Amino acid sequence: MDLLATRSGIPTLGEYKAPEPAEAGAVAELPEEGRSIFQAAQLDRSRGNVGMARDGFREFLERYSQSELGDDARYWLGALAYDDQDWIDANDQFERLLLDHPGTTWAAAALLKRGYSLEELDRDEEARAVLRRLVDEYPDSNEAALIGD
């Protein structure tokens, strides 16, 4: 058995070394299975299969939330909820995105949609604070331009 494993390039039991644990806050390596789940969810979203897309992004986040596409999956979950006018879920998803992935490229878009979601929930003071944060932190973004003064 060891000879077959060695010829196949598979380490034998004595040679195997477990991968080093990732540092806190480090982005986890995304295996091909994770990419497949994410891509299937994106395909479902683009085809209008909202329920299947939502399930796919949730499955992805359950398994690969700390990967390089974790923020993308969280954003798309929020965007799907926003498009469905599920203001509570949209707000929750965007808030979690901003907390779990503070450096995300989706920050300005998430702040804008979170602010609008809070307005829809008649949480006007919170909405103003979120939109003010958007303008303060991302003044040159397209999203901040939509807010004005």
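The shown structure was predicted, so the numbers you read here are calculated from the model rather than taken from an experiment.

A. Layout of the side chain of glutamine 93. Mapping glutamine 93 onto the fold places it in helix α5 (residues 87-100). There is a polar contact of 2.7 Å between the side chain of glutamine 93 and the side chain of arginine 74.

B. Quick peek at unusual backbone geometry. In this model, glutamine 85 sits at a positive phi of 60 degrees, which is unusual for a non-glycine residue. With respect to the helices, strands and loops of the structure, glutamine 85 is situated in the loop between α4 (70-83) and α5. Positive phi is not limited to glycine here, since aspartate 122 has a value of about 60 degrees. Relative to the assigned elements, aspartate 122 resides in the loop between α6 (107-120) and α7 (124-137).

C. Structural detail: the packing of aromatic side chains. Applying the stated criterion across every chain yields a total of 8 aromatic pairs. Seen from their ring centres, tyrosine 75 and tryptophan 76 are 5.1 Å apart, and the 80 degrees between their planes marks the pair as edge-to-face. Summarising the burial analysis for this pair, tyrosine 75 and tryptophan 76 share the class buried. With a centroid separation of 3.9 Å and 10 degrees between ring planes, the pair formed by tyrosine 75 and tryptophan 106 is classed as stacked. A residue pair is termed long-range when its members are at least 10 positions apart, and tyrosine 75 in helix α4 and tryptophan 106 in the loop between α5 and α6 qualify at 31 residues. Ring pairs connect the aromatic residues Phe38, Phe57, Phe60 and Tyr64, which therefore count as one cluster. A cation over an aromatic ring shows up here: arginine 45 above the ring of tryptophan 76, its NZ or CZ 3.7 Å from the ring centre.

D. Highlighting the confidence of the model for the protein chain. Per-residue pLDDT for the protein chain averages 86, and the proportion of residues at 70 or more is 80%. Note that pLDDT drops below 50 for residues 1-26; the model gives that stretch 5 contacts with residues more than four away or on any other chain.

E. Seen up close, the pattern of salt bridges. For the coordinates displayed, the defined rule picks out 9 salt bridges. One salt bridge in this structure joins glutamate 33 and arginine 63, with 2.8 Å as the shortest N-O distance. Here the residue glutamate 33 occupies a position in helix α2 (residues 32-46), and arginine 63 occupies one in helix α3 (residues 50-64), the gap between them amounting to 30 residues. Taking relative accessible area as the criterion, glutamate 33 reaches 41% and is therefore assigned partly exposed. The partly exposed category is assigned to arginine 63, whose relative accessible area is 40%. A single salt-bridge network, built from bridges that share partners, covers Glu33, Glu59 and Arg63.

Analysis parameters
- Residues numbered from 1 in each chain as written.
- Predicted model: local features only at pLDDT ≥ 70, side-chain atom pairs only at ≥ 80, totals over all residues.
- Heavy atoms only, no water.
- Helix = DSSP H or I, 4+ residues; strand = E, 2+ residues; numbered from the N terminus.
- Polar contact = N/O pair within 3.5 Å; in protein donor to acceptor, adjacent residues only side chain to side chain.
- Phe/Tyr/Trp six-rings, centres within 6.5 Å; stacked < 30°, edge-to-face > 60°.
- Buried < 20%, exposed > 50% of the residue type's maximum accessible area, 1.4 Å probe, protein only.
- Lys NZ or Arg CZ within 6 Å of the ring centre and 35° of its normal.
- pLDDT = per-residue confidence, 0-100.
- Contact = heavy atoms within 4.5 Å.
- Salt bridge = Lys/Arg side-chain N within 4 Å of Asp/Glu carboxyl O.

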